Amino acid sequence: MGTFDEMKTRIEEKLDKGYKCIKLKIGAIDFHDELALLTMIRRRYSPQTVELRVDANGAFLPGEDAEGKLQQLSKLYIHSIEQPIRAGNLDAMRKLCLHTPIPIALDEELIGVNAEERGDLYVGEKGITKKDLLNYIAPQYIILKPSLHGGLRGAEEWIRHAEAAGIGWWVTSALESNVGLNAIAHWCAMLHEGQSFTGVRCSEQNALLPQGLGTGQLFMDNIEGYPLEIREDKLWFDMQKCQ
């Protein structure tokens, strides 16, 4: 994210370091400039070499605006787009997911929806359950931020309903410190090994998706000497630093 030149520089840095999955925040600068950045990557790297994801953060308008931009993005072999229109437009999002040329991932749409079933005492701020939301909108993916979804157990509830509905998912973080990131990273690794707090199962297809874990590099002051480190495009836990 950033200006055109900032984004271009950061993209080139990530690609040079060997990252195979790149996500761009779009909707903040001119859309044609954002298309130019994505086109630049596609000219250098095929979809088999670098996976491209975009996150609109609800920047597109429901209807023709969103549909037209999704069509343009589809020409660049985009893996998925997060939250193309603002959360709360359930009917518009349902229609978009039904006809989209690019898989859509729900992000902010999930925040505030805390009940699993209709029988729960607390149905949630939006008056809809997790199961209802996924079945009604039928997105291709959902994005899980444990800090915003009731912790690790709350995120596993989303996973249970997504797996049952054939919806893909991946885990990301929400600007936690290294302590929070460490917990989420370990939990994510557990899921891929078939372990969880609630017995939820992770399908092989979802286990192979690149996760969106932050790296703490945005912080000016973070915990130093922590055993998390980045090697190429993977997050590692260095046991030697714990001794």
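Relevant structure appears above.
Since the structure is predicted, the reported quantities are computational estimates derived from the model, not experimental observations.

(A) Spatial organisation of the overall build of the chain. For the chain, the count of helices and strands is 8 helices and 8 strands. Burial status across the chain gives 41% buried among its 243 residues. For the chain, restricting intrachain contacts to residue pairs at least 6 apart in sequence, the fraction spanning at least 24 positions comes to 67%. On the chain, roughly 12,900 Å² of surface is accessible, and the fraction owed to carbon and sulfur atoms is 52%.

(B) Region of the structure containing the environment of Ile 184. Along the chain, Ile 184 turns up in helix 7 (residues 178-192). Each C-alpha atom of the pair Ile 184 and Gly 151 lies 9.4 Å from the other, and the pair is 33 residues apart in sequence.

(C) Seen up close, the nonpolar core. Counting residues in each nonpolar core, the largest one holds 53 residues, and the members touching the most others are Leu 24, Ile 41, Phe 60, Leu 73, Ile 81, Ile 142 and Trp 169. Ranked by residues supplied to this core, first place goes to helix 2 (residues 31-44) with 6 residues. Grouped together as the second largest cluster of nonpolar side chains are 5 residues, Tyr 141, Ile 143, Trp 170 and Leu 209 included.

(D) Structural context of the pattern of salt bridges. Summed over all chains, the structure comprises 11 salt bridges. Measuring nitrogen to oxygen at the nearest pair gives 3.3 Å for the salt bridge that ties Lys 23 to Glu 82. Pair noted here: Lys 23 is in strand 1 (residues 21-25) and Glu 82 is in strand 3 (residues 80-82), with a separation of 59 residues, a long-range link. A relative accessible area of 2% places Glu 82 in the buried class. The residue Lys 145 makes a salt bridge to Asp 107 at a minimum N-O spacing of 2.8 Å.

(E) Spatial organisation of the environment of Leu 209. By the secondary structure assignment, Leu 209 is in the loop between helix 8 (204-207) and strand 7 (228-231). What makes Leu 209 buried here is its relative accessible area of 13%. Separated by 40 residues in the primary sequence, Leu 209 and Trp 169 have C-alpha atoms spaced 8.1 Å apart. Setting aside anything within four residues of it in sequence, one finds Leu 209 in contact with Arg 53, His 79, Tyr 141, Trp 169 and Trp 170.

(F) Structural context of helix 6 (residues 151-165). Between its terminal C-alpha atoms helix 6 stretches 22 Å, which fits the 21 Å expected from 15 residues at 1.5 Å a residue. Restricting attention to buried positions, one finds in helix 6 the residues Gly 154, Ala 155, Glu 156, Trp 158, Ile 159, His 161 and Ala 162. Check the buried side of helix 6 and you find it contacts helix 5 (130-137), strand 5 (141-144), strand 6 (168-171) and helix 7. Just downstream of helix 6, Gly 166 is the residue with a positive phi angle, here 75 degrees.

(G) The arrangement of the pairing of strand 1 in detail. Only one face of strand 1 is buried: it carries Ile 22 and Leu 24, and the other face, with Cys 21, Lys 23 and Lys 25, is open. Sheet analysis places strand 1 next to strand 2 (residues 51-55), joined by 5 bridges and oriented parallel. Looking across to strand 2, one finds that Cys 21 is bridged to Glu 51. Of the crossover connections in this fold, the one passing from strand 1 over helix 2 to the parallel strand 2 is right-handed.

(H) Highlighting the side chain of Thr 100. As for its placement among the helices and strands, Thr 100 is situated in the loop between helix 4 (90-99) and strand 4 (104-106). Among the polar contacts listed, one links the side chain of Thr 100 to the backbone oxygen of Ile 102, at a separation of 2.6 Å. Contacts of Thr 100, omitting those with residues within four sequence positions, involve Leu 70 and Gln 140.

Cut-off values and rules
- In this convention, every chain numbers its residues from 1, walking through the sequence in written order.
- Per-residue local features of the predicted model are confined to residues with pLDDT of at least 70, and side-chain atom pairs are confined, for both listing and counting, to 80 or more; whole-chain, interface and lining totals are unaffected and use all residues.
- To get the side-chain values, take all heavy atoms of the structure and skip hydrogens and water.
- Where helices and strands are cited, they refer to DSSP runs of H or I of at least four residues and of E of at least two residues respectively, numbered from the N terminus.
- Residue exposure (1.4 Å probe, protein chains only): buried if accessible area is under 20% of the type maximum, exposed if over 50%, otherwise partly exposed.
- Residues are treated as being in contact if the distance between any of their heavy atoms lies within 4.5 Å.
- Only the protein chains shown count as cover for residues, and all accessible areas are computed by the Shrake-Rupley method using a 1.4 Å probe.
- Take the buried residues of types Ala, Val, Leu, Ile, Met, Phe, Trp, Tyr and Cys, join any two whose side-chain atoms come within 4.5 Å, and each joined set is a nonpolar core.
- Think of a salt bridge as a Lys or Arg side-chain nitrogen and an Asp or Glu carboxyl oxygen that are within 4 Å of each other.
- An expected span of 1.5 Å times one less than the residue number is assigned to each helix.
- Strand pairing is assigned whenever DSSP identifies at least 2 bridges connecting the two strands.
- By convention, a crossover is right-handed whenever its connection, traced from the first strand over the helix to the second and viewed with the strands pointing away, goes clockwise.
- Each polar contact in these results corresponds to two N or O atoms within 3.5 Å; when the atoms are within protein, one needs to be able to donate a hydrogen and the other to accept it, and residues that are neighboring in sequence are counted only if both atoms are side-chain atoms.

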